Amino acid sequence: MAIIQKGEKGWNVVNNVEGEGSDVNSVDFADLTDNGFDDIVVSWSVISKSQISYIDVYNKSEEGFEYEQNSKPVVADEFICVDANDDGVAELLTFSTGSTTESPFSELYSFAYGDKELIGETKLDNSIMSFEQITVGETEVGTSIYLDALRADGSSMVTEFIYWSDYYGSIVSPLYSYSTGKTADTTRRDLVLSRDIDDDGEVEIPTDADIDTNSDDIKGDNWVAYNNTIFTHKVYSVSCKRDAYLILLTNNEYEKLTFNYDEENRLLSVTKGDEFCYEIKAVLQSEYEDNAEAYSQFTKLSESSGYVYLARFDGESDYNAEYLSGVIKAY
């Protein structure tokens, strides 16, 4: 690892640090030692085609550009630097998928007193195969970590909700059951990730919701948020992973609407009984730019992830471009 500084004549190497592996998965910067200087955290790839990494923390000296390895690396799959226990100093939170004899787990390390110290750990759902996203939010219990993970079947997901408990003096995953080895309530068939889906400043978790549809490509989600020791309903959505979008639904829409998907034309038709409500069509951005006039019967709503999202609706309907633009979200 090279530490480089920009000078008047360009970039110069001011320090070299010998690496732990053959490649770098990710790098982060945080003042883990609470000395006013950012430490460098590096996830080194040590085994080809393996998720296992060596996660090293390099501390900066008070003068110059010298960085030294703090201690032996942590062996884990993923990490995040976060003040998990809300003490004003960031910690290193790691996640591991385990092995054939060990279930997935998470560990919290503190470097506040100089050396690495394991201050918390918790087990995770034993069906986890890989970690997809780590999100940090604030709830009534303080800093909260949402870990979206792919399960071993490859077609479902689970979200671990993790926070620091003063009572236990450790991080905890309250939805995990030590008797079953499973995490309850946040498993789902839809491979959509946790997010602030309704823009209210809170992170919500998608869970399964049954909807009236003709296609396996269309799935329903019940988005829930942590509130007073339980997860409560916030909003429903219907999602089309193939076209990388979802549509927020009111409770009434969730109960009344039917969603029919035409795979060949990538067209989602929405009806209420016999009443036509609207259609959503996803078109590749390059195709739309080359032949926009072919879609003149549609109204452009938005574009994201290489797609242009179009809508067609009845002029006398309650649904219009302004409304749909506000409820359609990129996957």
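Report on the accompanying structure. (Residues numbered from 1 in each chain as written. Predicted model: local features only at pLDDT ≥ 70, side-chain atom pairs only at ≥ 80, totals over all residues. Heavy atoms only, no water.)

**Observations regarding the overall build of the protein**
Basically, it comes down to this: Segments assigned H or I by DSSP are reported as helices when at least four residues long, segments assigned E as strands when at least two residues long, and all are numbered from the N terminus. Each residue is placed in one exposure class: buried if its accessible area under a 1.4 Å probe, protein chains only, is under 20% of its type's maximum, exposed if it is over 50%, and partly exposed if it falls in between. Only the protein chains shown count as cover for residues, and the accessible areas themselves come from Shrake-Rupley with a 1.4 Å probe. We treat Lys and Arg as the positive residues and Asp and Glu as the negative residues; His and chain ends play no part in the count. For this purpose, a charge sits on NZ of Lys, CZ of Arg, CG of Asp or CD of Glu.
Helices and strands together make up the secondary structure of the protein, namely three helices and 27 strands. By principal-axis analysis of the C-alpha atoms, the protein measures approximately 70 × 60 × 35 Å. A burial count over the protein gives 48% of its 331 residues as buried. Here the protein has roughly 16600 Å² of accessible surface; of this, 44% comes from carbon and sulfur atoms. Each charge class in the protein can be summarised by its mean position, and for the 23 positive and 65 negative side chains these summaries are 6 Å apart.

**Quick look at the environment of Asp-208**
What counts here: Residues count as neighbours in contact if any of their non-hydrogen atoms are within 4.5 Å of one another. We call two N or O atoms a polar contact when they sit within 3.5 Å, provided that within protein one can donate a hydrogen and the other can accept it, with sequence-adjacent residues counted only if both atoms are side-chain atoms.
With respect to the helices, strands and loops of the structure, Asp-208 is situated in strand β17 (residues 205–209). Here Asp-208 falls in the partly exposed class, since its relative accessible area comes to 31%. A sequence separation of 79 residues divides Asp-208 from Glu-287, and the C-alpha atoms of the two residues are 33 Å apart. Setting aside chain neighbours within four positions, we find Asp-208 in contact with Thr-187, Arg-188, Arg-189, Asp-190, Gly-220 and Asn-222. A polar side-chain atom of Asp-208 sits 2.9 Å from the main-chain amide nitrogen of Arg-189.

**A word on the side chain of Ser-215**
Mapped onto the fold, Ser-215 is located in the loop between β18 (212–213) and β19 (218–227). In this structure Ser-215 comes out as buried when scored by relative accessible area, which is 6%. A polar contact is formed between the side chain of Ser-215 and the backbone nitrogen of Asp-217, at a distance of 3.0 Å.

**Things to note about the pairing of strand β5 (residues 53–60)**
When a strand is regular, its side chains alternate between the sheet's two faces. Note the following rule: A pair of strands is considered paired only if DSSP assigns at least 2 bridges between the two.
Buried residues dominate β5, accounting for seven of its eight residues. Examined bridge by bridge, strand β4 (residues 39–45) and β5 share six bridges and lie antiparallel to one another. What sits directly across from Ser-43, in β5, is Ile-55. By the bridge criterion, three bridges tie β5 to strand β7 (residues 74–76) in an arrangement that is antiparallel. Bridge pairing in β7 links Tyr-54 to Val-75. Sheet topology places β5 next to strand β6 (residues 67–69); three bridges connect them, and they run antiparallel. Looking at the pairing, Asn-59 lines up with Glu-68 of β6. In textbook terms, the turn of a hairpin is the stretch between consecutive antiparallel strands, and for β5 and β6 this stretch comprises six residues, one of which, Gly-64, has a positive phi near 75°.

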